[in-house]
Amino acid sequence: MNKTAQIKKNHQFIKFRKLVIVSILIGFLSAFLGISLKKITEYYEEIFFHEVSVNPIFYIVFPVFGLSVIYFLRQYLFKKKENKGIKEVFESTGSKSKNLPSYKIPSHFINGLLTVIFGGSTGIEVSTVVATATIGSVAHEKENVFRQYKTELICAGIAAGVTALFSSPIAGILFALEVISRKVTKAFIISNVIAVSIAFGLLSILKEEPLFAISITTWHFKAIPYFILLGILAGMNSVYLTRCVLFFKSQFGKIDTHYYKIIIGSVVLSISLFIFPQLYGEGYHAIKTSFIAPNQIMTFTLALTFIGILLLKPIVTSITLASGGDGGVFAPSLFIGAFLGLLLASVLNTFFQIHVIPVNFMIIGMAAVLSASIHAPFTAIFLVCGLTNDYTLFFPIMVVCLISKYTAKMIYPYTVYSYSPSLVK
């Protein structure tokens, strides 16, 4: 009996040791992929955005060129398979036999990069999530001992990838938990904590700066009613984004000739980017500019600009994705939240003399719309705090994220991840 127990104990130790080693490997590779994609995208997006600013003709050239290259890459290099985004990850974790093929790593890396740098109004976050999930999926296939840890290893890759993008290990683990796994096991804790630790260690070695280097000094209790209003508006805006993505995906799905999709998508993108250059790519350049001068007096022209951006962004994002672009709703949610918060704060300050702090509303708005778009409030809280490397607004962000999520769920119970046509028949 003692011998049997000893053999079992040894077997458990070997499994644990292998799980630790593979988690370290997944964490490093996923973080390296995430950091590389972020750096390369930032570099080329800045160059190409400068080019369109100087030569507006590129507003016409870039979108059609980018979408065409992505189409030909899919046709001739990536097995004619369209990328389905995070739904691919759900299909893999929900099935014992369905795995993420290894070509998904270069496919999402390259297509996500091309989509954003050529003006596609989305972000690299979902491309990173699927590519890093594939790293975890490929690792789980390598040894029989990992077969039972499929979801855990996929989540470890995702958690490390999200950590690399947003400098927040807690956000990485919470995203893997709230959106992908939805259950905690001992193996989940071990693999994900190790993976995000490796990712955060790599960020520290590379001395990665927060995406938004801003100073948040304080917040006032008198602003709480307006934070609540922001949460409700954020929930409504997130539903608008979700419905737009689902609607345009459905409509474009009826077009049989793919090049017609590219032409329609490029025309809409070109016109929208020409009118509102803030919509180019991820839109982080526009958020950073707004952080520099947030205390703006709300004029009629500025109000129209903000409203136009908020109305158009979900449409342009949806058409980018429906016409073949690679991405998701992460960056668009942060973008919409920032401009929604800035619009509300500017209106309150200009017309009601309430004297709220616009930067606070931008930060809280980013978290609120993301929370409502993916139904993951705790991910949104830590992710946005990680983006700014500041936890001053933790309490109001938490309250507003919960309000926005439940507002969105009351209006429309699905996200772009959870929606399935069979659910609404």
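Residues numbered from 1 in each chain as written. Predicted model: local features only at pLDDT ≥ 70, side-chain atom pairs only at ≥ 80, totals over all residues. Heavy atoms only, no water.

> Got a minute to help me understand the packing of helix α11 (residues 284–292) against helix α14 (residues 358–374) in this structure?
To characterise two packed helices, one gives the angle between the axes of the helices and the distance between these axes. Close contact between α11 and α14 brings their axes to 10 Å; oriented N to C, the two are set at 155°. Between α11 and α14, the angle falls in the class roughly antiparallel. Note that α11 runs across α14; the crossing there is left-handed. Only V359, M362, I363 and M366 of α14 make contact with α11, whose side of the interface consists of I287, S290 and F291. Broken down by class, the residue content of the contact of α11 with α14 amounts to six nonpolar, one polar and no charged. (Axes fitted to C-alpha atoms, helices over the stretch in contact; angles between N-to-C directions. Helix = DSSP H or I, 4+ residues; strand = E, 2+ residues; numbered from the N terminus. Parallel < 35°, antiparallel > 145°, perpendicular 65-115°, else oblique. Left-handed = near helix turned anticlockwise from the far one by under 90°. Contact = heavy atoms within 4.5 Å. Nonpolar A, V, L, I, M, F, W, Y, C, P; charged D, E, K, R; others polar.)

> Teacher, can you tell me more about the nonpolar core here?
Soluble globular proteins: nonpolar side chains tend toward being buried together. Counting 128 residues, the largest nonpolar core has F175, L383 and Y417 as its most contacted members. Sorting elements by how many residues they give to this core places helix α13 (residues 330–352) first, with 13 residues. Residue assignment places this core across two domains, with domain 1 (3–206) and domain 2 (221–411) each supplying three or more. Residues contacting L383, with those up to four places away along its chain left out, are V162, F166, S168, A171, F330, L334 and L370. Core analysis: the second largest hydrophobic core is formed by six residues, L246, A372, A408 and Y414 among them. (Core = buried A, V, L, I, M, F, W, Y, C linked by side-chain atoms within 4.5 Å. Buried < 20%, exposed > 50% of the residue type's maximum accessible area, 1.4 Å probe, protein only. Domains from an automatic or database assignment.)

> What is the right way to read the confidence of the model for the protein chain from this model?
Low pLDDT marks stretches whose predicted atomic positions should not be read closely. Confidence along the protein chain averages 89 in pLDDT terms, with 94% of residues attaining 70 or more. At the low end of the mean pLDDT range in the protein chain sits helix α3 (residues 86–93), at 83; at the high end sits helix α16 (residues 394–411), at 96. (pLDDT = per-residue confidence, 0-100.)

> What exactly am I supposed to notice about the domain arrangement of the protein chain here?
One widely used convention gives an interface's size as the accessible area the parts lose upon coming together. Taken domain by domain, the protein chain holds domain 1 (3–206) and domain 2 (221–411). Each of domain 1 and domain 2 has a C-alpha centre, and the two are 24 Å apart. Listed as interface residues are 44 residues of domain 1 and, on the opposing side, 43 residues of domain 2. Of the roughly 3,600 Å² buried where domain 1 meets domain 2, counting both sides, 62% is carbon and sulfur surface. Where domain 1 packs against domain 2, one counts one salt bridge. In this structure, D326 engages R74 in a salt bridge whose closest nitrogen and oxygen atoms are separated by 3.7 Å. (Buried area = accessible area lost by both parts, 1.4 Å probe. Salt bridge = Lys/Arg side-chain N within 4 Å of Asp/Glu carboxyl O.)

> Teacher, can you tell me more about the environment of A293 here?
Tracing the backbone shows A293 in the loop between α11 and α12 (300–322). Through-space distance from the C-alpha of A293 to that of V359 is 9.3 Å; in sequence the pair is 66 residues apart.

> I would appreciate a short explanation of the packing of aromatic side chains in the present structure.
Pairs of aromatic rings are described using the distance from one ring centre to the other and the angle between the two planes. Tallying each qualifying case throughout the model produces 29 aromatic pairs. Taking the centre distance of 5.0 Å and the plane angle of 85° together, the rings of Y43 and Y44 count as edge-to-face. A centroid spacing of 5.8 Å and a plane angle of 90° characterise the contact between F212 and Y284, whose relative ring orientation is edge-to-face. Taken together, the residues span a long stretch of sequence, with F212 in the loop between α8 (186–205) and α9 (224–253) and Y284 in helix α11 at a distance of 72 residues. No difference in accessibility class separates F212 from Y284, as the two residues are buried. Among the aromatic residues, those joined into a cluster by ring pairs are Y43, Y44, F48, F58, F62, F65 and F118. Across the ring face of F335, the terminal group of K313 is positioned such that the distance to the ring centre comes to 4.6 Å. (Phe/Tyr/Trp six-rings, centres within 6.5 Å; stacked < 30°, edge-to-face > 60°. Lys NZ or Arg CZ within 6 Å of the ring centre and 35° of its normal.)

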